[in-house]
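Listed below are the residues making up each chain.
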Amino acid sequence: MQPAPEHIAQALAPATSVVETVAETEPPATANAPAVTAAPASVAQSVAAERPVRPKAEARLYGTRTLGQWIRLVVLLGVGAVAAAAILVLAARGVTTLPGVPEFLARYPGEYSPPAAAESGFPWWAQWAHFMNIFMMVLIIRSGYQVRTQQKPPAFWTPKRGGKKISINLWLHQSLDILWLVNGLIFVMLLFTSGHWMRIIPTSWEVFPNALSALLQYMTLDWPVETGWVNYNSLQQLMYFLVVFIAAPLSAITGVRMSEFWPKNAKTLNKIYPVEVARAVHFPTMLFFVLFILIHVFLVFSTGALRNLNHMFGGTDVVNWVGFWLFAAAIAITVAGWYAARPIVLAPIAKLFGQVSSR
Amino acid sequence: MKIIVLVKEVPDTYGDRKLNLETGLADRGASEAVIDEIGERALELALTYADANEGTEVALLSLAPEGATATIRKGLAMGAGSAIHVSDEALRGADLGLTAETLAAAVRRVGFDLVITGNVSTDGSGGMIPAMLAELLDVPHATGLSSVAISDGGVSGSRPVDAGVQTVSAKLPAVISITEALPGARFPNFKGIMAAKKKPLELLTLADLGITADNPEAARSIMLTVAERPPRAAGVKIIDEGDAGEKLADFLVENRLA
């Protein structure tokens, strides 16, 4: 009922009396906004002839495939994954029978003794930083993915002091990044001042053969005994080191390069460190984090869930449900954060730091 | 003061917009429906004035298909006090004249001091409704204002034209149209969205306004044909072999561009 587009109106009066009123033709070269221009009656074509011919009842598509194709694909991938895993496990078991390998495994059991000064357990600040990490990483990954995929953001934010308008998702992403970096810096500072750094920074070159040994043991499904309260196995230690001291700084420095915080006019600097490099590294770093989280959570739950959860959430080495419920609370808070991270909730917060608009 | 803001539901320019090739009407299912941005700016102007001047009433007026209620509520969530939604099957494909007549009748029905509209919609690109409305209401009209000052008895603003900028003013009641130089819309807050559900939204038909859509006496625009815009063809490349100047000149003459 709305006159859209207005100059294309329907016959309401005898056509003969109104032909002149339609003469709103534009030259094709300048036609911009209206996708269709009314053509004079003399060049009128049969509209019906231009209609595309529809193929007969097509099977319903979900994304790019039909339901049957999806089921086949999932089954195929599942079978493939099981087969690949079986091959890996069998191959690893085969490797352990090779000459010299049993001796290697005996010489490097998967972990080396920590320095005498290393304290066992997890201090309260490590537990707190770990929880903040869960909460923020989930929202950072989500908002980052939204920045990457959303073509029409639901709202925009402009800084108070002026500057470039960015999507509210990018605002959330960057605001969380700053909090996450603060959290990380405090964690690292406490790590070094407390001496707990010895837990996740290798103190011996033996970490490498031991990590290889631990990897082999994981692959044979004959896992090394979990002793995380006292000492990580070498593979764990390397992975935690990688996450805290390599992946996190990498994601931060590539993120800053793409953000408005980066000095755009520093010519030499930008030549040495082009934005394309940052763009190419930032996303795979996220994928690494996701892969790490999946394996981490899987192993936490498959190597004595209650005890492991008590380590990081309860701060004790006993087996009871305290850690589990604290973990459940942390997950509940994170889910609430996920649910709350929508424009209607974010806009009032973003307004404190700038201007929020819908376009 | 009573300000009426015209808002229009249009297909979102973010995506591909389509016309129905049989009826020539906008294919509303093909893209997301939103309030036209220029209408949001018009509303922002009214709300800014209302914020600073107590006792200002801001009402939305929209002529749109039945399903547009949700879009109009967004305007209420931004802060408008009430809304009038004119919807009638007989208005399908209405031309500018019938649209303006209907809007004028609705404006007269509720009474007004100032009508604020956008200068042109993104879908129809007609840009004539504000002038037609002012004519039918028999009030002064200031078009295409890039800045606006509303006072108790009048409205003034600047109006960019080819040779410079005009400063125009009119006594109220008046109709003004604004350009996108004016500030963009505020983001509706939670309170606004909750309040919008309780604000009055009046649904009117042509019968309520005493308008006859198919009056044979009245001249109406009609659409005769509609066709899809042809795909863009590749251009002509002229490579300089010493005679590029001649070739360019020939090209311009050939295409009647010289």
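Treat the numbers as computed from the prediction; the structure is a model and nothing was measured. (Residues numbered from 1 in each chain as written. Chains lettered and ligands numbered in written order. Predicted model: local features only at pLDDT ≥ 70, side-chain atom pairs only at ≥ 80, totals over all residues.)

Considerations on the overall build of chain A
Then, in step 1: Counting its secondary structure elements, chain A contains 12 helices and five strands.
Then, in step 2: Counting every position in chain A, which comprises 359 residues, the buried fraction comes to 21%.
Then, in step 3: Counted over contacts in chain A with a minimum sequence separation of 6, partners at least 24 positions apart contribute 67%. (Helix = DSSP H or I, 4+ residues; strand = E, 2+ residues; numbered from the N terminus. Buried ≥ 20, exposed ≤ 12 C-beta atoms within 10 Å, placed from the backbone. Contact = placed C-beta atoms within 7 Å.)

Some remarks on the environment of Ala80(B)
Then, in step 1: Inspection of the secondary structure puts Ala80(B) in the loop between helix H2 (69-78) and strand E5 (82-86).
Then, in step 2: Considered as a pair, Ala80(B) and Ala46(B) are 34 residues apart in the sequence and their alpha carbons are 8.5 Å apart.

Overview of the sheet that holds strand E7 (residues 141-145) of chain B
All names here are of chain B.
Then, in step 1: Taken together, the seven strands give an open sheet; going across it, the order is E7-E11-E6-E1-E4-E5-E12, and neighbouring strands pair in parallel fashion. Pairing within the sheet leaves two strands with one partner each, and these edge strands are E7 and strand E12 (201-204). Averaged over all pairs of adjacent strands, the angle between their axes in this sheet comes to 20°, without regard to strand direction.
Then, in step 2: In terms of strand pairing, strand E6 (residues 114-118) meets strand E11 (residues 174-178) through five bridges, oriented parallel. When the sheet's bridge partners are listed, isoleucine 116 is paired in E11 with isoleucine 176.
Then, in step 3: Taken strand by strand, helix H1 (residues 37-52) contacts strand E1 (2-6), strand E4 (57-63), E6 and E11, and its axis lies near 145° from that of E6.
Then, in step 4: The strands touched by H2 are E4, E5 and E12; relative to E5, the strand with the most contacts, the crossing angle is about 155°. (Pairing = 2+ DSSP bridges. Axes fitted to C-alpha atoms, helices over the stretch in contact; angles between N-to-C directions.)

A few points about the nonpolar core
Proteins that are soluble and globular tend to have nonpolar side chains buried together.
Then, in step 1: Counting 60 residues, the largest nonpolar core has Val5(B), Ala46(B), Leu103(B), Ile116(B) and Ile176(B) as its most contacted members.
Then, in step 2: Setting aside its immediate chain neighbours within four residues, Ala46(B) contacts Ile3(B), Val5(B), Val58(B) and Ile116(B).
Then, in step 3: In terms of nonpolar packing, the next biggest core, distinct from the first, is built from 17 residues, Leu176(A), Ala350(A), Val356(A) and Phe187(B) among them. (Core = buried A, V, L, I, M, F, W, Y, C linked by C-beta atoms within 7 Å.)

Examining the pairing of E11(B)
All names here are of chain B.
Then, in step 1: Burial within E11 is extensive, with five of its five residues counted as buried.
Then, in step 2: Two elements, E7 and E11, share three bridges in a ladder whose sense is parallel. Within the sheet, the bridge partner assigned to histidine 141 lies in E11 and is valine 175.

Brief notes about the environment of Ala211(A)
All names here are of chain A.
Then, in step 1: Among the secondary structure elements, alanine 211 is positioned in helix H6 (residues 207-219).
Then, in step 2: Residue classification places alanine 211 among the buried residues on the basis of 21 C-beta atoms within 10 Å.
Then, in step 3: With sequence-adjacent residues up to four places away left out, alanine 211 is seen in contact with Ser234, Leu235 and Leu238.

Digging into unusual backbone geometry
Residues and elements named next belong to chain B.
Then, in step 1: Between leucine 172 and proline 173 the backbone carries a cis peptide bond, its omega angle lying at 0°.
Then, in step 2: One non-glycine residue, aspartate 138, adopts positive backbone phi at about 60°.
Then, in step 3: Relative to the assigned elements, aspartate 138 resides in the loop between helix H4 (129-137) and E7.
Then, in step 4: By C-beta crowding, aspartate 138 is classed as exposed, having 8 other C-beta atoms within 10 Å.

Side note on the confidence of the model for chain A
Then, in step 1: Of all residues in chain A, 84% attain a pLDDT of 70 or more, and the chain-wide mean is 85.
Then, in step 2: Counting contacts from residues 1-49 of chain A, a segment whose pLDDT is below 50, to residues more than four positions away or on other chains yields 112 contacts. (pLDDT = per-residue confidence, 0-100.)

Thoughts on the sheet that holds strand E8 (residues 147-150) of chain B
All names here are of chain B.
Then, in step 1: Spatially, three strands are ordered E8-E9-E10 in an open sheet, and the strand pairing comes out antiparallel. Two strands lie at the open edges of the sheet, namely E8 and strand E10 (164-171), each paired on one side alone. This sheet shows a mean twist of 15° between the axes of neighbouring strands, independent of strand direction.
Then, in step 2: Direction of pairing for E8 relative to strand E9 (residues 154-161): antiparallel, over a ladder of four bridges. Looking across to E9, one finds that alanine 149 is bridged to serine 156.

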